Amino acid sequence: MVTLLENPLRVGLRQERMPDPQILVIFGASGDLTQRKLVPAIYQMKRDRRMPPEITVVGVARRPWSHDYFREQMRQGIEEFGEGIGPEDFWKDFAQGLYYFPGDIDNPESYEKLKVFLAEIDEKRRTRGNRVFYLSVSPNFFPEAIRQLGAAGMLSDPSKQRLVIEKPFGRDLSSAKALNRVVQNVCTEQQVYRIDHYLGKETVQNLMVFRFANAIFEPLWNRHYVDHVQITVAETVGVEDRAGYYESAGALRDMLQNHLMQIFCLTAMEPPNSLDADSIRTEKLKVLQASRLADVNNLEFSAVRGQYSAGWMKGKPVPGYREEPGVDPNSGTPTYVAMKFMVDNWRWQGVPFYLRTGKRLPKKISEIAIQFREVPLLIFQSAAQQASPNVLTMRVYPNEGISLRFEGKRPGPDLRTRTVDMDFSYGSSFGVTSSDAYDRLLVDCMLGDQTLFTRADEVEEAWRLVTPALTAWETPTDPSLVPQYEAGTWEPAEAEQLINRDGRRWRRV
Ligand code: BG6
């Protein structure tokens, strides 16, 4: 059986090399991401020998935690969200490389002290001055943290110091540009890793392999055969305990401008000249540059927001968004957004791309569905009252894989058709479920591979695309104008209309 690792495209996307010894310095280390994702990923990779023995994590945050308390928190994270601690000796060895440094993001003294502390660790752990600074703080602190790191001289060596910035990168086009300027003042683009964990997902990366390592799909991948594309990222969770962040972000900034837009780019882009990071990122950029919201003069024809109201999830009542702890009872923040984009180039002219994402929807599901055109003449009209067009679905979650829907003949003497699926599933074909996205992104960053990270110009173009909706929605309006959908149901009626108006329907998955 051919494995993904044997595939040259795959090898190009991620080299199987061991990063140099380094210190991962996480700002905002008392937050969920560190405990749930980052440290469990580092731990598991060290167990799998994909991290060097010297790997060291320094958590930075305001709370006055001790090293031991931090270690205890991380241990709980690995037990609860990772793959478990395994042998106790292994944990003890790993814990030796976990440190906590209490510091203030806006206090220059904290950075000076941190610099000295990191130099001491270099001695102790032989980490040779290699550092990844990971900003997992609230986005309003990004500029300050970057400026201070620069002022303290902690980003002055491009060969050893890297900067990872979580999303959302900016709040809109002008703030993204301003943030890019702050970044460019203190380091080179080669040091910057704008992280979008969707790019680390196996199925999202497989999109390129699927498209460019197979001869049979690419000829169909254009306006002559494709009717439209639907990209869906649906979640069942609500705002959880993140109201502080989410109230000022909402579904557009939290999900669509980054995760869905990246999937959109990989689906629509031209074959890159090579697999180096810049060739791929340039092709993604071209998609964004050629794209626009379908109808900016009638915004509701191409952009719809929604907010969940009280409803039922798995048989239990759940509160509406405005009743969630920490949320303004008059909040206009969208928890759902659907958009229709057109790509004005030779490949895609006239083919709509519908993107939608929301919280408190009936299922957790992420997928890309390419719906092909109907056949020109249905000679089986009487046999197939409802012949469905072919759909190619790339499942990002759950049951990662790809399926192709087509019509087949029902067994029996009559000529009757039925829709059937041809299915590929990662789990059954490769005998493994895909690993968490953060592990490969962390390794790639430590190896200096920027392929799966977004470039400055890409982020700005993605903001440009959604600007008309942001502007319209954020001019103070009556929050009662934000369409509501009941928790546990699919989109608000307005989002149904967005697609139904074109004679199409959202997939019910
Ligand atoms: C994050 C968002 O980037 O992605 C969250 O901030 C969201 O709001 C999460 O829940 C979804 O990621 P995944 O990998 O579970 O689909």
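Since this is a predicted model, take the numbers as computed values, not measurements. (Residues numbered from 1 in each chain as written. Predicted model: local features only at pLDDT ≥ 70, side-chain atom pairs only at ≥ 80, totals over all residues. Heavy atoms only, no water.)

Asks: Which parts of the structure should I look at to understand empty space enclosed by the protein?
Replies: If a probe the size of a water molecule is rolled over the atoms, the empty space left behind becomes visible. Enumeration over the complete set of coordinates arrives at three cavities of 30 Å³ or more. In this structure, the largest cavity occupies an estimated 100 Å³ of space. As for the largest cavity, its lining consists of 13 residues, of which Asp196, Gln257, Asn258, Thr454 and Val459 are closest to the centre. Of all the elements in the fold, those that place two or more residues in the lining of the largest cavity are helix H9 (243-268) and helix H13 (456-474). (1 Å grid on protein atoms, 1.4 Å probe; cavity = no way out; pocket = protein on both sides within 12 Å on 5 of 7 lines; lining within 4 Å. Points joined across faces, edges and corners; volume = space filled by probe spheres on them. Helix = DSSP H or I, 4+ residues; strand = E, 2+ residues; numbered from the N terminus.)

Asks: Explain the pattern of salt bridges to me, please; I cannot follow it from the model alone.
Replies: A side chain with one charge can pair with a side chain of the opposite charge if their charged atoms come near. Here the structure, examined in full by the defined rule, presents 33 salt bridges. Across the salt bridge formed by Asp68 and Arg71, the nearest N and O atoms sit 3.3 Å from each other. Highlighted residues: Asp68 and Arg71, both in helix H3 (residues 67-81), separated by three residues, approximately one helical turn. Linking Asp254 and Arg242 is a salt bridge whose minimum nitrogen-to-oxygen distance equals 3.9 Å. (Salt bridge = Lys/Arg side-chain N within 4 Å of Asp/Glu carboxyl O.)

Asks: Before we go on, may I ask you to explain the pairing of strand S4 (residues 131-135) in this structure?
Replies: Strand residues, when the strand is regular, have side chains that alternate between the two faces of the sheet. In terms of residue burial, S4 counts as a mostly covered element, since five of its five residues are buried. Across five bridges, strand S1 (residues 23-27) lies against S4 in parallel orientation. In the strand pairing of S4, Leu24 is matched with Val132. Examined bridge by bridge, S4 and strand S5 (residues 161-165) share five bridges and lie parallel to one another. (Buried < 20%, exposed > 50% of the residue type's maximum accessible area, 1.4 Å probe, protein only. Pairing = 2+ DSSP bridges.)

Asks: Explain the site of the ligand here, please?
Replies: In the vicinity of the ligand, the residues found are Lys167, His197, Tyr198, Lys201, Glu235, Arg242, Asp254, Met255, His259, Lys359 and Lys364. Lys167 places a side-chain nitrogen or oxygen 2.6 Å from an oxygen atom of the ligand. In this structure, an oxygen atom belonging to the ligand sits 2.6 Å away from a side-chain N or O atom of Lys201. Contact with the protein chains hides 81% of the accessible area of the ligand, taken as 400 Å² for the molecule alone. By residue class, the composition of the shell around the ligand is two nonpolar, two polar and seven charged. (Near = heavy atom within 4 Å. Polar contact = N/O pair within 3.5 Å; in protein donor to acceptor, adjacent residues only side chain to side chain. Areas by Shrake-Rupley, 256 points an atom, 1.4 Å probe, with all protein chains shown as cover. Nonpolar A, V, L, I, M, F, W, Y, C, P; charged D, E, K, R; others polar.)

Asks: Help me understand the packing of aromatic side chains, please; the structure alone is not making it clear to me.
Replies: Geometry of an aromatic ring pair is reported as the spacing of the ring centres plus the angle between the planes. Applying the stated criterion across every chain yields a total of 24 aromatic pairs. Ring geometry for Tyr43 and Phe90: centres 5.4 Å apart, planes at 75°, overall edge-to-face. A residue pair is termed long-range when its members are at least 10 positions apart, and Tyr43 in helix H2 (residues 32-47) and Phe90 in helix H4 (residues 88-95) qualify at 47 residues. For Tyr43, a relative accessible area of 0% gives the class buried. Looking at Phe90, the relative accessible area reads 23%, which means it is partly exposed. (Phe/Tyr/Trp six-rings, centres within 6.5 Å; stacked < 30°, edge-to-face > 60°.)

Asks: Could you clarify how one ought to interpret the side chain of His228 in this entry?
Replies: Structurally, His228 can be placed in strand S7 (residues 226-234). The class of His228 is buried, set by a relative accessible area of 2%. Side-chain polar atoms of His228 contact the side chain of Asp227, separated by 2.7 Å. Excluding residues within four positions of it along the chain, His228 makes contact with Val351, Pro352, Tyr354, Ala369, Ile370, Gln371 and Arg504. (Contact = heavy atoms within 4.5 Å.)

Asks: Quick question: what am I supposed to make of the nonpolar core here?
Replies: Looking at soluble globular proteins, one finds that nonpolar side chains tend to be buried together. If you look at the biggest cluster of nonpolar residues, it comprises 147 residues, and the most contacted ones within it are Phe27, Phe264, Met339 and Phe341. By residue number, the principal contributor to this core is H9, which donates 13 residues. Setting aside chain neighbours within four positions, we find Phe341 in contact with Leu256, Met261, Phe264, Arg292, Leu293, Ala294, Val351, Pro352, Phe353, Leu355, Leu465 and Val466. (Core = buried A, V, L, I, M, F, W, Y, C linked by side-chain atoms within 4.5 Å.)

Asks: What's the story with the confidence of the model for the protein in this structure? I'm lost.
Replies: Detail in the predicted coordinates should be disregarded across regions flagged by low pLDDT. Here the protein averages 93 in pLDDT, while 95% of its residues score no lower than 70. Counting interchain partners and residues more than four positions distant, the pLDDT-below-50 stretch residues 1-15 has 38 contacts. (pLDDT = per-residue confidence, 0-100.)

Asks: In this structure, what is going on with the sheet that holds S5? I would like to understand it.
Replies: Strand pairing in a sheet is mediated by backbone hydrogen bonds. Such pairs are either parallel or antiparallel. Read across the sheet, six strands follow the order S3-S2-S1-S4-S5-S6 without closing on themselves; strand pairing throughout is parallel. Lying at the two open borders of the sheet, with one neighbouring strand each, are strand S3 (98-102) and strand S6 (192-194). The average angle at which neighbouring strand axes cross in this sheet is 20°, direction not considered. Running at roughly 175° to S1, H2 makes contact with S1, strand S2 (56-61), S3 and S4 of the sheet. With respect to the sheet, H3 is in contact with S2 and S3, its orientation differing from that of S3 by roughly 120°. (Axes fitted to C-alpha atoms, helices over the stretch in contact; angles between N-to-C directions.)

Asks: Would you mind going over the environment of Ala310 with me for this structure?
Replies: Assignment of secondary structure puts Ala310 in the loop between strand S9 (303-309) and strand S10 (311-313). Through-space distance from the C-alpha of Ala310 to that of Gln484 is 9.7 Å; in sequence the pair is 174 residues apart. Not counting residues up to four positions away in its chain, the partners in contact with Ala310 are Val318, Pro319, Gly320, Glu323, Glu486 and Ala487.

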